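Survey of secondary and tertiary structure
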Amino acid sequence: MSGSPATMVTEAELLAYVDDRLPPERRADIEAHLALHPEDAAKVAAWQAQTEALRSHFAPGLDEPVPAAMMALFAAQRPSVWMPALRIAAVLAIVVVSAGAGWFGRGAMMPAPVVAALPQEATRAHLVYSKEVLHPVEVTAKEEPHLVAWLSKRVGTALKVPSLATQGYGLVGGRLLPASSGNNAAAQFMYENRQGQRLTLYVRSGEGGSDTSFRFAGEGHAAAFYWVDGGFGYALTGESGREALLPVARAVYEQLTR
Amino acid sequence: MQFRRQPHPIEAEIPRLRRFALTLTRERDAADDLVQDCIARALGAWATRRGDADALRPWLFAILHNRWRSRQQRDWARPDNRPLDDAGEGPSESGGQWEKLELRDLDAALALLPDEQRALLLLVAVEGLSYEEAARVQAIPLGTVMSRLARARERLRQLTDGEPPSVNEGGRSHLRRVK
């Protein structure tokens, strides 16, 4: 690189010129340098064109929908903790609220506090396991009698596995899960249709409130119909939308409460 | 009834985190796995974040990059693992295979860059991070950012046969065969 020491230009400065990170007074020096050095000018022009090309190349990447499993990470967060200044107050508030109910059970929209966490727990479990390719269930439908006996014992009630063949869903199998209620055990049965869409039926004990009718809760892509029957909470969760889920949930409800 | 809550500030950054992760891993499942890991860690460390001193986006990118790097180190022993060497300039870094490739688009050219060079291009040229922020994300000195960036740009220029990658009417970059 020729040029007097006063106008000596480094490669780092050429980069900064392209990225517009130079002090304004230095830009003119670089431009004077480029006018005298065609090789550097070609390099800078190429880098500038490259930057434009990279921007348009990467732009579509931002339009993709966020997977439900990522959003589920936030569902597990307590809202107020996000504001550092309010953190201590939030923790106290959560302790107070948690004493009587699930933290999620605040607000007049929730019919019965103890039931409140049911659709959330079911939805979270659904989002985790319905994505599983290798291990969606612990025990497959091939061993259905064993599966039902095992989960009935752990959850503490004689479980019935509804048949959803009419709705196009076959049983994949089931697994045991932790629960925040009753004996802390929940059962999850997974179903799948020909298109590979999955539904999960979640059952847990310890629902203190009285029996409830059919209720609906939705978050993001996932939606759940749930109810309480004889101290047990049931939730059917899927990602096909409320309309598609409703007839299936009704079939489950009818088979289980009959 | 809906589960109602305030959106977490991190949520708005997820598309950028996914794009950064995909740039590093070039594989969707691995990228999303990395983003899950990053979000979980960021939520765990949220309370320790130093307000304005840690601008949210570079902070998240740094966590993601760090997770990516520790996975690389964990997988280091795998015989099929590609070397991470940032200094590789010539064909040797990918066994000379690239010479024979018909480069169809910018994506193919980017695939031939070492992961950290490709990631740095995204950080600086696309995300508009300052060099200092990029240095913190990649946990390298500022001088290394400058030399890595120069190498990445020159290598990309080479790979696109001395011509700036231009976007043709089909929306894909047109690149000539590499000599």
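Here the structure is a predicted model, which is why all the values come from computation and not from measurement. (Residues numbered from 1 in each chain as written. Chains lettered and ligands numbered in written order. Predicted model: local features only at pLDDT ≥ 70, side-chain atom pairs only at ≥ 80, totals over all residues.)

Looking only at helices and strands, one finds seven helices and two strands in chain B. Starting at the N terminus and ending at the C terminus, chain B contains elements arranged as α-α-α-α-α-α-α-β-β. Once local pairs closer than 6 in sequence are excluded, the contacts in chain B between residues at least 24 apart make up 60%. (Helix = DSSP H or I, 4+ residues; strand = E, 2+ residues; numbered from the N terminus. Contact = placed C-beta atoms within 7 Å.)

Now for the overall build of chain A. For chain A, the helix and strand inventory stands at eight helices and seven strands. Considering chain A as a whole, with its 258 residues, one finds that 33% of them fall into the buried category. Excluding contacts between residues fewer than 6 apart, the proportion of contacts in chain A whose partners are at least 24 apart in sequence is 56%. (Buried ≥ 20, exposed ≤ 12 C-beta atoms within 10 Å, placed from the backbone.)

Quick look at helix α6 (residues 131-138) of chain B now. All names here are of chain B. Counting buried residues along α6, seven of its eight residues qualify, which places the element largely inside the surrounding structure. Within α6, the full set of buried residues consists of Tyr131, Glu133, Ala134, Ala135, Arg136, Val137 and Gln138. Looking one or two places after α6, you find Ala139, whose phi comes out positive at around 55°.

Moving on, we get to unusual backbone geometry. At A:Asp20, a residue that is not glycine, the phi angle is positive and equals roughly 55°. Counting through the fold element by element, A:Asp20 comes out in the loop between α1 (11-18) and α2 (24-36). Among the residues examined, A:Asp20 registers 9 C-beta atoms within 10 Å and is labelled exposed. Even without glycine at this site, B:Ala139 takes up a positive phi of about 55°. Position of B:Ala139 relative to the elements: it lies in the loop between α6 and α7 (142-159). According to the C-beta neighbour criterion, B:Ala139 is exposed, with 11 such atoms within 10 Å.

Examined against the element boundaries, A:Leu62 turns out to sit in the loop between α3 (38-58) and α4 (68-75). Ignoring any residue separated from it by four or fewer positions in sequence, one finds A:Leu62 in contact with B:Pro15, B:Arg16 and B:Arg19.

Here the focus is the packing of helix α1 (residues 14-25) of chain B against helix α2 (residues 28-45) of chain B. Residue and element names in this part refer to chain B. Between α1 and α2, the shortest axis-to-axis distance is 8 Å and the interhelical angle comes to 130°. In this view, α1 runs oblique relative to α2, as classed from their interaxial angle. Our pair here, α1 against α2, has a crossing hand that is right-handed. On α2, the residues that touch Ile14, Leu17, Arg18, Ala21, Leu22 and Thr25 of α1 are Arg28, Ala30, Ala31, Asp32, Leu34, Val35 and Cys38. When its residues are assigned to classes, the contact of α1 with α2 shows nine nonpolar, one polar and three charged. (Axes fitted to C-alpha atoms, helices over the stretch in contact; angles between N-to-C directions. Parallel < 35°, antiparallel > 145°, perpendicular 65-115°, else oblique. Left-handed = near helix turned anticlockwise from the far one by under 90°. Nonpolar A, V, L, I, M, F, W, Y, C, P; charged D, E, K, R; others polar.)

The biggest cluster of nonpolar side chains holds 96 residues, and the ones touching the most others in it are A:Leu236, B:Val35 and B:Leu64. Ranked by the residues each element gives to this core, the list is headed by helix α5 (residues 115-126) of chain B, at eight residues. Look past the residues within four positions of A:Leu236 in its chain and what remains in contact with it is A:Leu199, A:Leu201, A:Ala224, A:Phe225, A:Leu245, A:Val248, A:Ala249 and A:Val252. (Core = buried A, V, L, I, M, F, W, Y, C linked by C-beta atoms within 7 Å.)

With that out of the way, let us pick up the packing of α5(B) against α6(B). All names here are of chain B. Where α5 contacts α6, the two axes come as close as 10 Å, and the packing angle between them is 145°. The crossing of α5 and α6 is right-handed. Of the residues in α6, those touching α5 at Glu116, Leu120, Leu123 and Val124 are Ala134, Val137 and Gln138.

This part covers the pairing of strand β4 (residues 198-204) of chain A. All names here are of chain A. The buried fraction of β4 is high, at seven of seven residues. Of the two faces of β4, the one carrying Arg198, Thr200, Tyr202 and Arg204 and the one carrying Leu199, Leu201 and Val203 are both buried. With seven bridges joining them, strand β3 (residues 185-193) and β4 adopt antiparallel strand pairing. Each residue of the ladder has a partner; that of Ala186, found in β4, is Arg204. With antiparallel pairing between neighbouring strands as the criterion, β3 and β4 make up a hairpin whose turn holds four residues, including Gly196 at a positive phi of roughly 85°. Across six bridges, β4 lies against strand β7 (residues 232-238) in antiparallel orientation. From the neighbouring strand, Arg204 faces β7, where its bridge partner is Gly233. (Pairing = 2+ DSSP bridges.)

With that settled, consider the pairing of strand β2 (residues 169-178) of chain A. Every regular strand shows the same layout, with side chains that alternate between the two sheet faces. Both strand β1 (residues 139-140) of chain A and β2(A) contribute to a ladder of two bridges, which runs antiparallel. Residue pairing in the sheet places A:Val139 in a bridge with A:Gly174 of β2(A).

We now examine α2(B). For α2(B), built from 18 residues, the straight-helix expectation of 26 Å at 1.5 Å per residue is met to within 8% by its first-to-last C-alpha distance of 25 Å. Looking only at α2(B), the buried set comprises B:Ala31, B:Asp32, B:Leu34, B:Val35, B:Cys38, B:Ile39 and B:Ala42. All buried residues of α2(B) project into a common sector of 155° when viewed along the axis, lining one side. For α2(B), exposure combined with an orientation more than 90 degrees from the buried face picks out B:Asp29 and B:Gly44. In the core, the buried residues of α2(B) are packed alongside α4 of chain A together with α1 and α3 (56-74) of chain B. (Expected span 1.5 Å × (residues − 1). Arc of directions from axis to C-beta.)

With respect to the element layout, B:Arg49 can be found in the loop between α2 and α3. Contact partners of B:Arg49, with chain neighbours within four places excluded, come to B:Asp54 and B:Trp59.

A word on the confidence of the model for chain A. All names here are of chain A. Across chain A, the average pLDDT comes to 80, with 80% of residues at or above 70. When pLDDT is averaged over each element of chain A, α1 comes out on top at 96 and helix α5 (residues 87-100) at the bottom at 48. Scored below 50 in pLDDT, residues 90-116 shows 38 contacts in the model against residues more than four places distant or in partner chains. (pLDDT = per-residue confidence, 0-100.)

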